[in-house]
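Listed below, chain by chain, are the residues.
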Amino acid sequence: MYKEDFFNPLKNSQLFFLENKLSELINVFEKNSLPNSILFSGKKGIGKFTMAIHFINYIFSKNTNNTYDLKKNSINQNSLIFKQINENIFQNLIILN
């Protein structure tokens, strides 16, 4: 990973600081109790968007060979989902600026 990619949520394959929140989201998802919409709030720059990208990678790579690494809280950079998100061609994600 390049230095400038470290702070880019789309390219950062490692999650820092919000591991517990991601784990809570995954538990709710696994229990089929995920609501139709989720609103993340908090101070700017704490990793909300990064956590959302990791959660999306977990969900959509779950049944592939490139699954999300829960022990390391990291995205497999060879994952097709990760590559599509970075190329802005992942059909299940719309990012508004």
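So, here is what we can say about the structure in this document. Quick caveat: nothing in here was measured; it's all calculated off a predicted structure. (Residues numbered from 1 in each chain as written. Predicted model: local features only at pLDDT ≥ 70, side-chain atom pairs only at ≥ 80, totals over all residues. Heavy atoms only, no water.)

1. Observations concerning the overall build of the chain
Step number 1: A count of helical and extended segments in the chain gives 3 helices and 0 strands.
Step number 2: Helices and strands in the chain line up, N terminus first, as α-α-α.
Step number 3: For the chain, whose C-alpha radius of gyration is 13 Å, the value lies close to the compact-globule estimate of 13 Å for 97 residues.
Step number 4: With the principal axes as the frame, the chain shows a C-alpha extent of 35 × 35 × 30 Å.
Step number 5: When contacts within the chain are restricted to residue pairs at least 6 apart in sequence, those whose partners lie at least 24 apart make up 57%.
Step number 6: Carbon and sulfur atoms make up 52% of the accessible area of the chain, which totals about 7200 Å².
Step number 7: Across the chain, 11 positive and 7 negative side-chain charges occur, with their mean positions spaced 4 Å apart. (Helix = DSSP H or I, 4+ residues; strand = E, 2+ residues; numbered from the N terminus. Rg over C-alpha atoms; globule rule 2.2 N^0.38 Å. Contact = heavy atoms within 4.5 Å. Areas by Shrake-Rupley, 256 points an atom, 1.4 Å probe, with all protein chains shown as cover. Lys, Arg positive; Asp, Glu negative; His and termini not counted. Charge placed at Lys NZ, Arg CZ, Asp CG, Glu CD.)

2. Here we look at the pattern of salt bridges
Step number 1: The full count for this structure, using the stated rule, is 1 salt bridge.
Step number 2: In this structure, the salt-bridge partner of K62 is E30, at a minimum N-O distance of 2.7 Å. Remark: E30 occurs in helix α1 (residues 19-30) and K62 occurs in the loop between α2 (48-61) and α3 (80-86); sequence separation between them is 32 residues.
Step number 3: A relative accessible area of 35% means that E30 is categorised as partly exposed. (Salt bridge = Lys/Arg side-chain N within 4 Å of Asp/Glu carboxyl O. Buried < 20%, exposed > 50% of the residue type's maximum accessible area, 1.4 Å probe, protein only.)

3. Regarding the nonpolar core
Step number 1: If you look at the biggest cluster of nonpolar residues, it comprises 18 residues, and the most contacted ones within it are L22, M51, I53, Y68, I85, F90 and L93.
Step number 2: For this core, the secondary structure elements donating two or more residues are α1, α2 and α3.
Step number 3: Top element by residues in this core is α2. It accounts for 5 residues.
Step number 4: Not counting the four nearest positions on each side in its chain, L22 is found in contact with L15, M51, H54, F55, Y68 and N73. (Core = buried A, V, L, I, M, F, W, Y, C linked by side-chain atoms within 4.5 Å.)

4. A closer look at the layout of surface pockets
It is a probe the size of a water molecule, rolled over the atoms, that shows where empty space is left.
Step number 1: As a volume, the largest pocket reaches approximately 380 Å³.
Step number 2: Its residues assigned to classes, the lining of the largest pocket shows 8 nonpolar, 6 polar and 2 charged.
Step number 3: What the second largest pocket holds in volume is close to 200 Å³.
Step number 4: Lining the second largest pocket are F40, K48, F49, A52, I56, L93, I94, I95, L96 and N97.
Step number 5: Partitioned by chemical class, the residues of the lining of the second largest pocket number 8 nonpolar, 1 polar and 1 charged. (1 Å grid on protein atoms, 1.4 Å probe; cavity = no way out; pocket = protein on both sides within 12 Å on 5 of 7 lines; lining within 4 Å. Points joined across faces, edges and corners; volume = space filled by probe spheres on them. Nonpolar A, V, L, I, M, F, W, Y, C, P; charged D, E, K, R; others polar.)

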